[in-house]
Amino acid sequence: MRVLMLGTVLVLLACGGSDEGGDATVSTSEGAADTGPRGNGSITGTVSFAGTVPANPAIDMSAEQACAEKHAGGVRDPQYVVADGKLGNVFVHVKSGLPAGARYAPPTEPVVLDQDGCLYEPRVFGVMTGQQIEIRNSDPVLHNIKAVPTENRGFNISQPSEGMKTTRTFTTPEVMVPLECNVHGWMNAYAGVKDHPFFATTGDDGTFRIEGLPAGTYEVEAWHEKLGTRTTTVTVTDDGTATADFSFSPTTT
């Protein structure tokens, strides 16, 4: 009996004990010391679109009337958000230039990813490693959220009821992590995962702002889900603002 009890304890220890409902991925950076350099410099810019804007595909939500009713006049898949030649939903981030080994603690506030009207909101967003993503279902329909990363551990969770919330985290920098809904094939979102806080997503007016940078020279990358990436190099001075403008077109690779 003593041998049997000892074996049971060893098995529990090897398996990590009980599961109290934690996330499928737990970041090792949570609680880590924030030793990365910061400053008062910033990078601002505008992302432009040149040429004829491709038509966004129409979405047939006739099978989900609760969602269709939230979109007066029909709905299109917002692959291209362009207004007055400015491009929205572009993830802009500092790709290189920070000191090697710099560590930044993730914010305690989660990033909220909502499912509203059978669309993800926001469609493109940034999150730090170890920062919680709070996934909400604001629709009275079933959604299934599937993350398809390359560097991180994926997940596939179901939210069958309105008002449900689930949290997940990513542990490894990755630009970008696709998210999709297995129930509604048109639902897509993209998460830019960084181990520092120097990133932003352009609004409908195509502008962005990245703050809190120390003086230095940085490679900055802009990513769009259909148009690929563009990069530039900027030098940020103490208390200064550098400009990083980007331009995409239908032929961008």
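Because the structure is predicted, anything quoted here is derived from the model rather than measured.

Draft legend 1. A look at the state of the cysteines. Summed over all chains, the structure comprises 1 disulfide. Across a sulfur-sulfur distance of 2.1 Å, Cys67 and Cys118 are joined as a disulfide pair. Across the disulfide from Cys67 to Cys118, rotation about the S-S bond amounts to roughly 60°, and the bridge is consequently right-handed. Within this pair, whereas Cys67 is found in helix 2 (residues 65-68), its partner Cys118 is found in the loop between strand 5 (111-115) and strand 6 (120-121), the two being separated by 51 residues in sequence. Here the two residues Cys67 and Cys118 agree in accessibility, since each one is buried. Cys181 forms no disulfide, and the closest cysteine sulfur to it belongs to Cys118, at a distance of 7.5 Å. Residue Cys181 is classed as buried on the basis of its relative accessible area of 4%.

Draft legend 2. Just the sheet that holds strand 16 (residues 216-224), in detail. Pairing is antiparallel in the open sheet, where 4 strands are placed in the order 14-4-16-17. Unpaired on one side and paired on the other, strand 14 (199-201) and strand 17 (228-236) mark the two borders of the sheet. For this sheet, the mean inter-axis angle between neighbouring strands, taken without regard to orientation, is 25°. Note: strand 4 (residues 91-96) against strand 16, 5 bridges, orientation antiparallel. Looking at the pairing, His93 lines up with Glu221 of strand 16.

Draft legend 3. How the structure looks around the sheet that holds strand 12 (residues 174-181). The mixed open sheet is built from 5 strands, whose spatial order is 7-13-12-9-10. Strands at the two margins of the open sheet, each flanked by one partner only, are strand 7 (124-128) and strand 10 (155-159). For this sheet, the mean angle separating the axes of adjacent strands, direction not counted, is 25°. Across 5 bridges, the pairing between strand 7 and strand 13 (residues 188-194) is parallel.

Draft legend 4. Structural context of the pattern of salt bridges. Tallied over the entire structure, the rule returns 8 salt bridges. The salt bridge involving Lys70 is made with Asp139; its shortest N-O contact spans 2.9 Å. Of the two residues, Lys70 sits in the loop between helix 2 and strand 2 (82-83) while Asp139 sits in the loop between strand 8 (133-137) and strand 9 (143-147), which places them 69 residues apart along the sequence. Between Arg123 and Asp77 there is a salt bridge; the shortest N-O distance is 2.9 Å. A residue pair is termed long-range when its members are at least 10 positions apart, and Arg123 in the loop between strand 6 and strand 7 and Asp77 in the loop between helix 2 and strand 2 qualify at 46 residues. You'll find Arg123 and Asp77 in the same group, each marked buried. When salt bridges that share partners are traced, they join Lys70, Asp116 and Asp139 into one network.

Draft legend 5. The arrangement of the pairing of strand 9 in detail. Judged by how many residues are buried, strand 9 sits mostly within the fold: 4 of 5 residues are covered. Direction of pairing for strand 9 relative to strand 10: antiparallel, over a ladder of 5 bridges. The partner of Ile145 across the bridge, within strand 10, is Ile157. Of the pairings in the sheet, the one linking strand 9 to strand 12 comprises 3 bridges and is antiparallel in character.

Criteria and cut-off values
For every chain, the first residue of the written sequence is number 1, and numbering continues from 1 onward in sequence order. Note on the predicted model: pLDDT of at least 70 is required for a residue's local features to be given, and 80 or more for side-chain atom pairs to be given and counted; whole-chain, interface and lining totals, by contrast, use all residues. Excluded from the side-chain calculations are hydrogens and water; all other atoms, namely the structure's heavy atoms, are used. Any two cysteine sulfur atoms lying within 2.5 Å of each other are counted as a disulfide. Counting from the N terminus, the helices are the DSSP runs of H or I reaching at least four residues and the strands are the DSSP runs of E reaching at least two. A 1.4 Å probe rolled over the protein chains alone gives each residue an accessible area, and that area as a share of the maximum for its type sets the label: buried under 20%, exposed over 50%, partly exposed in between. When DSSP locates at least two bridges between a pair of strands, those strands are taken to pair. To define axes, lines are fitted to C-alpha atoms, for helices over the stretch in contact only, and angles between the resulting N-to-C directions are given on a 0 to 180 degree scale. Think of a salt bridge as a Lys or Arg side-chain nitrogen and an Asp or Glu carboxyl oxygen that are within 4 Å of each other.

So yeah, pure geometry; function would need other evidence.
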